[in-house]
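# Structure assessment
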Amino acid sequence: MHVATLASEDDFDGWRTAARTLALAGVAPDAVVWQVGDQPADLFADQPAPDAPSGAFSVPRPFVDLARRALCHRDPERFALLYTLLTRIRAQPKLLDDQADPLVRRIEHLAKDVRRDMHKMRAFVRFREIAVDGAEPRYVAWFEPDNHIVRANADFFARRFTTMHWSILTPELSVHWDGDTLAFTPGAHRADAPDGDPLEETWKTYYAAIFNPARVKVGAMTKEMPRKYWKNMLETALVPELLASAQKRESGMIAAAHADIGGNARVSWEALREESGGCTRCPLYGPATQTVFGEGPTDARLMFVGEQPGDQEDIAGRPFVGPAGQVFDRAITAAGIDRARVYVTNAVKHFKFEPRGKRRIHAKPAGPEIDACRWWLDQERVLVRPPVTVALGATAARALLGRVVTISKSRGTAITLPDGGECWVTVHPSYLLRLPDRVQAEEEYARFVEDLTTARNRAEAFA
Ligand code: URA
């Protein structure tokens, strides 16, 4: 039996060196014990060392990326699984393309968990200021990740909070940034992190400003936000108070939020989009490939809201690029609208589907999924503040208006949204694709273009 010892739970370089040595020596996966500890790697402990392996081999880049992620998983079997995959990939370089292979699927699952955990950390870490007399203020956050992701995520925080001096304490490993260098120290206790301070107040102000009391379902909050993060989040303390002053707050809500983020909408939007990548507010994130966030300039005067990404959008990570997107593109062009100048998004940011053989068939999002996803749409709207919004279909209309509407009844007149913007309801482009009668399809298409032209004219009035 060979023993491979890694320096830490996330020691990818150590794993790679050991795995390469073992693979070159032709050691079978079931003849290796992987362990994490302080002792130096002793790859051939209980056996006479084989001749020093020589030569090198390369593996496909996607394997390295996948292995780097999956290795951060807490699953104790991950080192062995990855070594098995490595040995199989040497014989079958295209193995990763085989999505039906159980080992490939299992490891991709591990990598997906890790990616999600990293996004959660980015979304839920909240720094609190520690004042130290005469010294630079230091910001400290407490976080409890599910996997060994602290080191893998450290660069992100260094880039994002580059001018601050900060520490993120976690039970297993803590990371510190002094404006120049990242340092790692052993894990900490929750009690080591501070409890409240001015930054907390800033965050509360921001959260309060984007909070839409009409849309809160207190009972649903546990589903939307993993409960384990509640205790670290300041928002949750605010909910009862915000609900109580609901009416008063609503009017100034959008303006206050924008003022609070300092007007740098693009930077905030990028952060928001990044956070949405880790969204687990409803179960749709599970089977979907990725979050498909909105896109377009943050100073767009016209926003389009669709239903949810389709099969192609789910893969591309961009809204309206599949068949419905082609109809949409053709129609907006006919209405004199330049897609590069409008903001295009969806009410629901994950693809909901039912598998049928190898195909994924679109499934309509349910009310709770639309409600859960409003969190993102509301924040996109706070940042873009479009004076004119087009709801493409009933799901979009429901998300924007907070109630179920009939397209035929609400079409053709502007509806005022809570933030003061105009909402124009029209059909969804995929409705046009489904019409079997050609004459009717052409008539409906022309009506759709008319609706879009009206919206364009309205948006131009706000130039
Ligand atoms: N349908 C939508 O509503 N949105 C997309 O992004 C694609 C299809």
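Provided above is the structure to which this section pertains.
This text gives an overview of the structure that appears in the document. Every value quoted in this text rests on a predicted model; they were computed, and no experiment measured them.

Here we come to the overall build of the chain. When helices and strands are counted, the chain shows 18 helices and 14 strands. For the chain, buried positions account for 51% of its 463 residues. Restricting to contacts in the chain with at least 6 residues of sequence separation, those with at least 24 account for 72%. Total accessible area computed for the chain in this model is approximately 22100 Å², and 52% of it derives from carbon and sulfur atoms.

With their axes 9 Å apart at the nearest point, helix H14 (residues 367-384) and helix H15 (residues 394-401) run at an angle of 65° to one another. Here H14 runs over H15; the crossing is right-handed. In this structure, H14 contributes Gly367, Ile370, Asp371, Arg374, Leu377 and Arg381 to the contact, and H15 contributes Thr395, Arg398, Ala399 and Leu400. Its residues placed into classes, the contact of H14 with H15 shows four nonpolar, two polar and four charged.

A few words now on the site of the ligand. By nearness alone, every residue bordering the ligand is listed as Gly306, Glu307, Gln308, Pro309, Gly310, Glu313, Pro319, Phe320, Ala324, Asn346 and His428. Between the ligand and glutamate 307 there is a distance of 2.7 Å, counted from an oxygen atom to a backbone nitrogen or oxygen. Residue glutamine 308 places a main-chain N or O atom 3.0 Å away from a nitrogen atom belonging to the ligand. A total of 230 Å² of accessible area belongs to the ligand in isolation, and the protein chains cover 93% of it.

Per the stated rule, a full pass over the model turns up 25 salt bridges. The salt bridge involving glutamate 295 is made with arginine 318; its shortest N-O contact spans 2.8 Å. One end of the pair, glutamate 295, is in the loop between helix H11 (265-276) and strand E8 (302-306); the other, arginine 318, is in the loop between helix H12 (311-316) and helix H13 (323-334), with 23 residues separating them in the sequence. Taking relative accessible area as the criterion, arginine 318 reaches 39% and is therefore assigned partly exposed. For arginine 360, the salt bridge is made with aspartate 311, and the minimal N-O distance between the two is 2.8 Å. Taken together, the residues span a long stretch of sequence, with arginine 360 in strand E11 (residues 359-362) and aspartate 311 in helix H12 at a distance of 49 residues. On the basis of relative accessible area, aspartate 311 is assigned to the partly exposed category, the value being 32%. Connected via shared salt-bridge partners are Glu295, Arg318, Asp329 and Arg339.

Turning our attention to the sheet that holds strand E9 (residues 343-346). If you walk across this open sheet you meet the five strands as E9-E8-E12-E14-E13, and the pairing is mixed. Each having just a single partner strand, E9 and strand E13 (415-416) make up the two edges of the open sheet. Contacts from H14 reach E8, E9 and strand E12 (388-392), with the element oriented near 165° to E9.

Here we take up the pairing of E9. Burial along E9 is two-sided: the face carrying Tyr343 and Thr345 and the face carrying Val344 and Asn346 are both buried. Summarising the sheet, E8 and E9 pair through four bridges and their orientation is parallel. Along E9, the bridge assignment pairs phenylalanine 304 with valine 344.

Next up on the list: the packing of aromatic side chains. Under the definition given, this model contains 16 aromatic pairs. Relative to tyrosine 343, the ring of tryptophan 269 has its centre 6.4 Å away and its plane inclined at 85°; by these criteria the two rings are edge-to-face. Residue tryptophan 269 is found in helix H11, and its partner tyrosine 343 is found in strand E9; the two are separated by 74 residues along the sequence. A single burial state applies to tryptophan 269 and to tyrosine 343, both of which are buried.

Moving on, we come to helix H18 (residues 438-461). Its 24 residues give H18 an end-to-end C-alpha distance of 35 Å, which sits within 8% of 34 Å, the value for a rise of 1.5 Å per residue. Turning to H18, its buried residues number three or more, namely Ala441, Glu444, Tyr445, Phe448, Val449, Asp451, Leu452, Ala455 and Ala459. Those residues of H18 hidden inside the fold are in contact with E8, H13, E12, strand E14 (422-426) and helix H17 (429-434). The N-cap of H18, judged by a side-chain oxygen 3.1 Å from the amide nitrogen of valine 439 a few residues on, is aspartate 437.

At a closest axis distance of 11 Å, the pairing of helix H3 (residues 78-91) and helix H4 (residues 102-124) adopts a crossing angle of 135°. Taken together, the axes of H3 and H4 are oblique relative to one another. The two elements H3 and H4 meet at a crossing, and its hand is left-handed. Between H3, through Arg78, Leu81, Leu82, Thr84, Leu85 and Arg88, and H4, the contact on the second element is made entirely by Leu103, Val104, Arg106, Ile107 and Leu110. For the contact of H3 with H4, the residue count by class is seven nonpolar, one polar and three charged.

Strand pairs in the sheet, formed through backbone hydrogen bonds, run parallel or antiparallel to each other. A sheet is described by the order of its strands in space; here five strands give the open sequence E3-E4-E5-E6-E7, paired in mixed fashion. The strands lining the two open edges of the sheet, one partner per strand, are strand E3 (128-130) and strand E7 (182-186). Going from strand to strand, the sheet's axes swing by 25° on average, the running direction of each strand aside. Here strand E6 (residues 173-177) runs beside E7; their pairing, made up of five bridges, is antiparallel. Bridge pairing links valine 175 to phenylalanine 184 in E7.

Attention now moves to helix H1 (residues 12-24). The end-to-end C-alpha distance of H1, which contains 13 residues, comes to 18 Å, matching closely the 18 Å that a straight helix rising 1.5 Å per residue would cover. Along H1, the residues that are buried comprise Phe12, Trp15, Ala18, Ala19, Leu22 and Ala23. The arc that holds every buried residue of H1, seen down its axis, measures 130°, which confines them to one face. On the buried face of H1, the contacting elements are strand E1 (2-6), strand E2 (32-36), helix H2 (61-70) and H3. Just downstream of H1, glycine 26 is the residue with a positive phi angle, here 70°.

Peptide bonds are, in most cases, trans, and in most cases residues other than glycine have a negative phi. Positive phi, close to 50°, is recorded for phenylalanine 320, a residue that is not glycine. With respect to the element layout, phenylalanine 320 can be found in the loop between H12 and H13. Non-glycine residue arginine 385 carries a positive phi angle of around 50°. Counting through the fold element by element, arginine 385 comes out in the loop between H14 and E12.

How each quantity is defined
- Residues numbered from 1 in each chain as written.
- Predicted model: local features only at pLDDT ≥ 70, side-chain atom pairs only at ≥ 80, totals over all residues.
- Heavy atoms only, no water.
- Helix = DSSP H or I, 4+ residues; strand = E, 2+ residues; numbered from the N terminus.
- Buried < 20%, exposed > 50% of the residue type's maximum accessible area, 1.4 Å probe, protein only.
- Contact = heavy atoms within 4.5 Å.
- Areas by Shrake-Rupley, 256 points an atom, 1.4 Å probe, with all protein chains shown as cover.
- Axes fitted to C-alpha atoms, helices over the stretch in contact; angles between N-to-C directions.
- Left-handed = near helix turned anticlockwise from the far one by under 90°.
- Nonpolar A, V, L, I, M, F, W, Y, C, P; charged D, E, K, R; others polar.
- Near = heavy atom within 4 Å.
- Polar contact = N/O pair within 3.5 Å; in protein donor to acceptor, adjacent residues only side chain to side chain.
- Salt bridge = Lys/Arg side-chain N within 4 Å of Asp/Glu carboxyl O.
- Pairing = 2+ DSSP bridges.
- Phe/Tyr/Trp six-rings, centres within 6.5 Å; stacked < 30°, edge-to-face > 60°.
- Expected span 1.5 Å × (residues − 1).
- Parallel < 35°, antiparallel > 145°, perpendicular 65-115°, else oblique.
- Arc of directions from axis to C-beta.

Remember, this is a structural readout, not a statement about activity or role.
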